[in-house]
Amino acid sequence: MDPAFLALSRLRRRKFDASIQVADDALAQNPYDLALWWTKCRALTNKNWIDDTEVDEEGIADLLLDDNAVQKEARPGTSFNRPGTRTGTASSMGLRPMTSNGRPVSGFARPGSARPMTGSLEAAFQGNRPGTSRPVTSSGRFVRLGTASMKSEPGGAFVDLEKMDFRKYIQRPPLARVLSDYIIYVDHNLRKSHELCDLASRSNSRNSWFWEARLGKTCFHLGLMREAQEHFSRSLKNQNMVTTVLELVKVFHKLDQPNSALTVYEDAIESGMFDGDVALMLGKARVKDALGQTDAAEAEYKKVLAADASSVEAISCMAAHQFYSDQPEVALRYGFDSKLGRNICSLSFLDS
């Protein structure tokens, strides 16, 4: 059997180790086979791929040296550090417990929800669990991941980035795209990734949504928030993508601009291209919940359950809201129906 076909077949069946082994054996005989090189590079990338669309945990230096916020003393309701005043519900009368970070208990542990509300040294060193500590920087974690992936590869790294001429690769877009993902998710060399993506984007006159999105990703991890915002916005103008919207919202989270994050979510939902997308509706509900707008967040969670009745996060947050609104029987029914796998949308109070 043709080794290129066999390696590609195993890659499509997500048998990454077997695909890499076949590609290694074939490349040992012919190192210039670009099809096998592409297959191995893609298999290594998929093997180390992580979902980074959620808000990442920040390190000690990221918390203490964060100067991305527009205003240090923001108005209530315009910052995650100063949620707005909640009125009109029983849960706003001091009955709902607060976390150590100053946010109301939501019923679901989310990525980034453990960020301290203050920039004190003690809060920055405290990890998510007692007895643990945060990494120094989020970029340092990527460096450690990169060295670990190199050790796991027999014979060292698959690609020597220091000897590569990226100008030759951008003339072959399929190879350049798979190489950029390899640098980000396997080698974790963000500066080299930025160099490759910038060359490729310039060669396409800044009109390629893929290269603009990758440029935004590398700028975000390098701490260049305004540049990341610019690249993500340009990518959305060229092509609307859910992942790009989520990554642009991460930038506004980092800049402590919840209203801008809500605007991005609303524009994406109202565009009609992502009708019923649960990730966007959940993100919108999370932001409103973090701002203390519990009634508005409850309405968004109901929309999420109307689209996906098995959303654990929406069920948990709705149950917590009903419980602290002095309706424990309704909260109990949420938990009962979620355990039995019933259709949550059939409940009468969801239609109100």
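Summary of the structure given here. (Residues numbered from 1 in each chain as written. Predicted model: local features only at pLDDT ≥ 70, side-chain atom pairs only at ≥ 80, totals over all residues. Heavy atoms only, no water.)

This part covers unusual backbone geometry. Even without being glycine, H188 reaches a positive phi, approximately 55°. By the secondary structure assignment, H188 is in the loop between helix 8 (173-187) and helix 9 (190-203). For D256, which is not a glycine, the phi torsion comes out positive at approximately 60°. Structurally, D256 can be placed in the loop between helix 12 (242-254) and helix 13 (258-270). Assessed through its relative accessible area of 12%, D256 is described here as buried. (Helix = DSSP H or I, 4+ residues; strand = E, 2+ residues; numbered from the N terminus. Buried < 20%, exposed > 50% of the residue type's maximum accessible area, 1.4 Å probe, protein only.)

The next point concerns the environment of E162. In this structure, E162 sits in the loop between helix 6 (138-152) and helix 7 (166-169). On the accessibility criterion, E162 (60% relative accessible area) is exposed. Distance from E162 to K192, taken between C-alpha atoms, is 8.7 Å for residues 30 residues apart in sequence.

This part takes up helix 9. Spanning 14 residues, helix 9 covers 20 Å between terminal C-alpha atoms, matching the ideal 20 Å at 1.5 Å per step. Within the sequence span of helix 9, burial applies to L190, K192, S193, L196, C197, D198, A200 and S201. Of the surrounding secondary structure, the elements contacted by the buried residues of helix 9 are helix 7, helix 8 and helix 10 (209-221). S205 sits one or two residues past helix 9 and shows a positive phi near 60°. (Expected span 1.5 Å × (residues − 1). Contact = heavy atoms within 4.5 Å.)

Residues W37, F158, V159, L179, Y182 and I183 are the most contacted members of the largest nonpolar core, which totals 31 residues. When residues of this core are traced back to their parent elements, those giving at least two are helix 1 (3-12), helix 2 (16-29), helix 3 (34-47), helix 8, helix 9 and helix 10. For this core, the element with the most residues is helix 8, which contributes seven residues. When residues no more than four places from it in sequence are discounted, the contact partners of V159 are W37, M164, L179 and Y182. (Core = buried A, V, L, I, M, F, W, Y, C linked by side-chain atoms within 4.5 Å.)

With that settled, consider the side chain of E247. By the element assignment, E247 lies in helix 12. We classify E247 as buried; its relative accessible area is 7%. In this view, E247 contacts D52, K217 and F232; residues no more than four positions away in its chain are not counted.

We now examine the state of the cysteines. Per the counting criterion, the structure on display carries zero disulfides. For C197, which is in no disulfide, the shortest distance to another cysteine sulfur is to C219 and amounts to 9.1 Å. Under the relative-accessibility criterion, C197 is labelled buried at 0%. (Disulfide = S-S within 2.5 Å.)

For helix 3, which comprises 14 residues, the first-to-last C-alpha distance of 20 Å matches the rise-based estimate of 20 Å (1.5 Å per residue) to within 8%. The complete set of buried residues in helix 3 reads L36, W37, T39, K40, C41, A43, L44 and T45. Against helix 1, helix 2, helix 7 and helix 8 lie the buried residues of helix 3. Looking at where helix 3 begins, the residue whose side-chain oxygen comes 3.1 Å from the main-chain nitrogen of A35 is D33. (Polar contact = N/O pair within 3.5 Å; in protein donor to acceptor, adjacent residues only side chain to side chain.)

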